[in-house]
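# Fold and geometry: a report
This is what each chain is made of:
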Amino acid sequence: MTAMIYPTTNPEATEVMVVARGEGPYIYDETGKQYLEGMAGLWCTSLGYGNEEIIETARRQMEELSFSHMFGGKTHPSAIELADKLAAMTPIDDARVFLGASGSDANDTLVKLIRYHAVATGQPQRVKIIAREKGYHGVTLASAALTGLPPNHAHFQLPFDALGVLRTGAPHYYRCAEEGESEADFVARRANELEQLILAEGPETIAAMIAEPVNGAGGVIIPPAGYFEAIQAVLDRYGILLWDDEVICGFGRLGAAFGAEKLNMKPKMMACAKALTSAYVPLSAAIVSGDIADAIAGPAAEMGVFGHGYTYSGHPLGCAVASKVLDIYVRDGLFEHAAVIGDYMATGLSKFADHPLVGEVSAMGMLGALELVADKNTKRPFDGMKVGQFCAKAAETNGLIIRPLGGNRVALCPPLIIQKAHVDEIMDKLGRALDSTLDFVTTEGLAA
Ligand SMILES: Cc1ncc(COP(=O)(O)O)c(C=O)c1O
């Protein structure tokens, strides 16, 4: 046991696995055992490990300018280049970019921008934010309050009321649909619930609704067809902005540059991190449309400084690496590659639909999950997380990293650089893990 307190870990669990090195889509533990990184770390290492071009870019940036801050209008060439590149790439009109170091801090920045904007535009009451059950937006006090997962709330006394967090239902048809409800009816119900919530709270008090295109940590939940169109129509009726959390879905994960494009979202604000640098170094971006940025620039003379910024906002290393990573994505056609390999992965995953343990198969682009259930016919879930955790451990024994999520779902999110042969390897190892899990469930008497 070392001196470390581990993040998102049972405080009793300590050194469970020591990852010693990585190469391409593989990592190796301290004994030299190889694992296909089927989760791209924490949904982030899209270009895999050991990319020489990125390493060289980082080395040059550190030689030239290892640090410069961005307070008071100070800046540097790598930050300027990145902001312009990102702004040109994102599906947000006349996008403006604020840089940080994590997905959580990007979402916190957007909370603050919403509040500053509300005052600047003479509607200081317009600060409430609608967030969804099963959404994940980070773990700082504000972003955790937006997150809709009970384990991220428990014991923390989060400031839900102070932040004006309003909660609406998850777009999870498999788990949340009523008996006999069609997908279209489910979507209509979710849109109607949203509208009732807005009317009950007062539309003039609500600034934005935050949503991931596909919920990641909440279970890889793919919204039914027409979901965002229906939600967007309600928001537009009341002048409420759509805030798109692209921390997982951004940069090709769903087989398009951004999840917003894939799912027909029309956001005014966006949070990015993770694959922005392919996780070679920490960097995040909080992005807003030009009209929002312009609206706060005018009154700023009276309002005073936008008193929010991090020492590492626009760190030169992160900016240089992100700029290079974005170039590689485009040059190597990785978003298109992700669409092709993603279809192949979805076909592989769909074959597990007949497995006795699998209740739902979710797949879009290079993101996927299986929900393991005690009874396929009734959808009866297993208690706790034991079965999903067993399955992930069995996959690890076979040399594959997958991630157990709440509701006994196991997730897949491999690096975008993998080829079909890697997908075959994933399916083989995952299939064997599912069979071991079935043996475990049978032996323990957990199934129907
Ligand atoms: C959709 C989403 N938003 C925000 C975050 C928070 O990012 P970070 O862990 O970098 O703070 C995550 C992290 O997994 C995420 O998946």
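Presented here is an overview of the structure given in this document. Since this is a predicted model, take the numbers as computed values, not measurements.

A count of helices and strands for the protein gives 16 helices and 15 strands. Expected size for 448 residues packed as a compact globule is a radius of gyration near 22 Å; at 22 Å, the protein falls within 12% of this value. In terms of its C-alpha atoms, the protein occupies a principal-axis envelope of roughly 70 × 55 × 45 Å. Looking at the 448 residues of the protein, the share that counts as buried comes to 55%. Look at the contacts in the protein between residues 6 or more apart in sequence, and 71% of them connect residues 24 or more apart. Total accessible area computed for the protein in this model is approximately 19100 Å², and 56% of it derives from carbon and sulfur atoms.

Our next topic: the site of the ligand. Every residue close to the ligand is listed here: S102, G103, S104, N107, Y136, H137, G138, E212, D245, V247, I248 and K274. A distance of 2.9 Å separates an oxygen atom of the ligand from a polar backbone atom of G103. The separation between a nitrogen atom of the ligand and a polar side-chain atom of D245 is 2.7 Å. Considered on its own, the ligand offers 390 Å² of accessible surface; in the complex 84% of this is hidden by protein. Top contributing element to the shell around the ligand by residue count: helix α4 (residues 103–120), with three residues.

This part is about the side chain of H308. Inspection of the secondary structure assignment puts H308 in the loop between α12 (300–303) and α13 (316–331). Within the structure, H308 has its side chain in polar contact with the side chain of K112 (distance 2.9 Å). Those residues in contact with H308, other than ones at most four positions away along the chain, are F98, T109 and K112.

Calculation notes
- Residues numbered from 1 in each chain as written.
- Predicted model: local features only at pLDDT ≥ 70, side-chain atom pairs only at ≥ 80, totals over all residues.
- Heavy atoms only, no water.
- Helix = DSSP H or I, 4+ residues; strand = E, 2+ residues; numbered from the N terminus.
- Rg over C-alpha atoms; globule rule 2.2 N^0.38 Å.
- Buried < 20%, exposed > 50% of the residue type's maximum accessible area, 1.4 Å probe, protein only.
- Contact = heavy atoms within 4.5 Å.
- Areas by Shrake-Rupley, 256 points an atom, 1.4 Å probe, with all protein chains shown as cover.
- Near = heavy atom within 4 Å.
- Polar contact = N/O pair within 3.5 Å; in protein donor to acceptor, adjacent residues only side chain to side chain.

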